[in-house]
Amino acid sequence: MESNNLTYTKLLETNNLIRSAGEETYFLGVTRTVQESKFFPVSAYIMLGYLNAFYRYPSLLRKIGAIMAPEDLADRVRNSTSKIQSMGTNWCMINFYLLGREMLIDMGLIRPQDAAEDVAFVLEFWRRYQLAWRRETGHLTNKEGGHRSQILPERRVQVYHADMYLCEEGDPLHTAADRFMAAISQYAVLVACESRVCMTNHGPYNLGNGRELLVRDFFDLAEGDLPWLDGVAKNVPHARLTITTAVKDTHFYMVDDWGSFESRPEYKAENICGVGLYTSDELSETQIPVGMGSRSELIETFESYAEIFKEATKNLWERFAGYSRDQLLDAGALTYYSIIKDFAHVAGCYENSDWMEIDERADRFRVLLNDEYGNMLLGALFVPLTLASQQCSEYTMMCHTDLPKRSYSPIPYSTLADGEFVPSVGDVLGAGITYLPEKVDRYRTTQGVLGLDELNRRTRAFTPALYSERFRYLDDAWVKYNYESPLADELYRIEQASSRQLRDRGAGLRRDDIDNIRDENTGSEMVP
Amino acid sequence: MANLYTDVDKYEDAASPPSVVAILHGAIKDLVRRRLDQTGVSWQEFVFDKSYALVSAADLNEIERKVVDGGYRYTGSALISAVERPGAYAPMNEADGASPDFTFEHDEAMVEPVDSTGRQRRGQGDNVVEFPANTIGTARYYRSIQDVMIGLTEGVPEGTIAIIDDSGGTLTAPILEHFHGVICAGGTVRSHLGILTREYGIPCLMNARVSGIRGGDRVELEVSGRAKTAEAYQRGEDMSVRVWKLPAN
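About the criteria used
- Residues numbered from 1 in each chain as written.
- Chains lettered and ligands numbered in written order.
- Predicted model: local features only at pLDDT ≥ 70, side-chain atom pairs only at ≥ 80, totals over all residues.
- Contact = placed C-beta atoms within 7 Å.
- Helix = DSSP H or I, 4+ residues; strand = E, 2+ residues; numbered from the N terminus.
- Nonpolar A, V, L, I, M, F, W, Y, C, P; charged D, E, K, R; others polar.
- Axes fitted to C-alpha atoms, helices over the stretch in contact; angles between N-to-C directions.
- Parallel < 35°, antiparallel > 145°, perpendicular 65-115°, else oblique.
- Buried ≥ 20, exposed ≤ 12 C-beta atoms within 10 Å, placed from the backbone.
- pLDDT = per-residue confidence, 0-100.

**Topic: the interface of chain B and chain A**
At the junction of the two partners, chain B supplies 61 residues and chain A supplies 58 residues. For the side of chain B that touches chain A, the secondary-structure elements that each account for two or more residues are helix H1 (19–39), helix H2 (43–54), helix H3 (57–69), helix H4 (79–84) and helix H6 (192–200) of chain B. For the side of chain B that touches chain A, the element with the highest residue contribution is H1(B), accounting for seven residues. Grouping the constituent residues of the side of chain B that touches chain A by class yields 32 nonpolar, 21 polar and eight charged.

**Focus on the packing of helix H1 (residues 8–31) of chain A against helix H4 (residues 87–106) of chain A**
Residue and element names in this part refer to chain A. Running from N to C, H1 and H4 cross one another at 100°; their axes reach a closest spacing of 10 Å. The orientation of H1 relative to H4 falls into the category roughly perpendicular. Touching Leu17, Ile18, Ala21, Glu24 and Thr25 of H1 are Trp91, Ile94, Asn95 and Leu98, all from H4. A per-class count over the contact of H1 with H4 returns six nonpolar, two polar and one charged.

**Digging into unusual backbone geometry**
Residue and element names in this part refer to chain A. Residues Gly203 and Pro204 are joined by a peptide bond in cis, for which omega reads -5°. Residue position: Pro204 is located in strand S2 (residues 199–208). Omega for the bond connecting Arg264 with Pro265 falls within 30 degrees of zero, at -15°, which places this linkage in the cis form. Of note in this structure, Cys193 is not a glycine but carries a positive phi near 60°. Relative to the elements of secondary structure, Cys193 occurs in the loop between helix H7 (172–191) and S2. Positive phi, close to 50°, is recorded for Asp249, a residue that is not glycine. Note on placement: Asp249 falls in the loop between strand S4 (241–248) and strand S5 (251–255). Asp249 gets classed as partly exposed once you count the C-beta atoms within 10 Å, which come to 13.

**Overview of the confidence of the model for chain B**
Averaged over every residue, the pLDDT of chain B is 94; residues scoring 70 or more account for 98%. Scoring the predicted complex yields pTM 0.95 and, for the interface, ipTM 0.94.

**Details of the environment of Glu117(A)**
Assignment of secondary structure puts Glu117(A) in helix H5 (residues 116–133). With 209 residues separating them in the primary sequence, Glu117(A) and Asp326(A) have C-alpha atoms 33 Å apart.

Structure representation (structure tokens):
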């Protein structure tokens, strides 16, 4: 079949991304822990999520792309917290898709050249988005940046730095923050069906004086996209939360594309020396401080939220304990597959049926997805690389292993000459299937609880100032030479509008100035 | 019979897929060949169009049924899987720890004679966080939803050292913070259970290998020992700390 959309250049770029994604997948598979669960059929739901990604991502990304270009999505979401940052797009998006493709190749249901246009499109969409989202350092992934995840512009890091409250082990704030982080982490793992896709980390950012900033993001906490949170999460006040943590005497030498970190010495909560709390979404200009009016308010907020999350954990656990295996399979598969659903939220075109249903083309495999098959196939795909499609010439020495293997099948270049391929799975979604209860039309946002139509309408109607043509291209490279300009001041003041310490301070501050301002403004409040 | 594109593979002999994958994927390939023969459709018609009807859920169900009817029994991981399809899964080890005589018996558990203080080493595990002193408590098994439900409704007794074989963070989620300590017979210090116990400040040993510890036994965890590092896992270095059974009070 002829294609006007595949060129030699496009295929070369596509295969480059396929290869580098596969090598990092192998590295992560070797260095990170495979999660087990007696509660959820984890590997089985992961397989279902991968298959759903293969069949649905191309058409849904085309639908989103018709509204907003990948670069526009990145700039629109730059100043808020979203699942399409860090782990969600660094690794999950393209690898979920490619892992689904590799499964089908091994089943003999597709050839490496089938869906070639889809593969090229999904990877190109991803590349353009990643380049724009990570433009401050210019890396496509954390891996490319030496396993570092510095994605925030100076103006946002300064606000985090200035507004965090200092703490030390044993004081009330440290204790409250510790308990809160334990409660929200546990809740997030349960919400995500024993996976980590509802929480991630980025950073580090150097705060000076032996301190590094690690930013911890949590997503999908409240009533919103995930049907299993309807009712049980009604008291959760924010769908997304960002916790800023300053950590002393600890160097985070690795933040990988799964959002996991390694540090020297080993990370210990006792070394947290500053904390802050924020929320945001597509309806907020930028990050909104939560309980940050005073030290005592933040302590009270952490304590009360910890109780809310514990109660929600109990309620959600009881709900899941009553679910059938098909329901647990759906919840997990949809948690994985929908990792990029926030593209649709940013574009204001989110539909429940697009993201919270299993496509019938993927669902037909449900009957095969027993625990052993899921565990074995997931293992084979990731590390031993034992499937037939993953074997190469004996001369090959794969990155990280030296064995003659590869994670993913490239698209053969012969495709360009013989045209022997079928370009796409098609633009029409298959019928959607779910065993989960019908989604309630309640979506917690920074503008209150909305119905989905209203949420999409408001998102489309709202243009954050920082996304406007006046500001969106003003990056740190520009600030370096223009920080004295009125425009730079204006830019920084937008970010500083909700800052307790930096409101209207403008663009001229350096890192050392931040600690001085804290000393001037807060006096004894800084002292635990 | 029709050939598939991947039937000719220069390096196929290097593949060594797990048997359950080889069985199921081999059966799917056979089905695809048959369907192509039976219908005469071209690959271009088949791959993203006709295949949805020609390789249907009913067809795949039939493949799976034959595997089970042929005597294959899957190894389960989620408790619900074997509960819903007991005939398709090999029996899981006693699914809960309710029996008073139940004990984990790991071959790798290092057991030593009773020492001069009356305590006896009954195993070891990877320490998640180094604490100033060892932790002592009463062993109780939490291995099933029923075990956790009892803990949820009746409360977790004070001083409980939970013995768990699920390194995930969800099975014990609603009662985890009430544990005095955890012995987990799986995972690593980076598993969700390890991460969450660290967040809660609960002493925890992961990847534990123990023997002869019954529910109600007093146990001591050597959590004053070094926490196992990522580098130690990568080097395959043993940094395990000890688990002792103590004389009854």
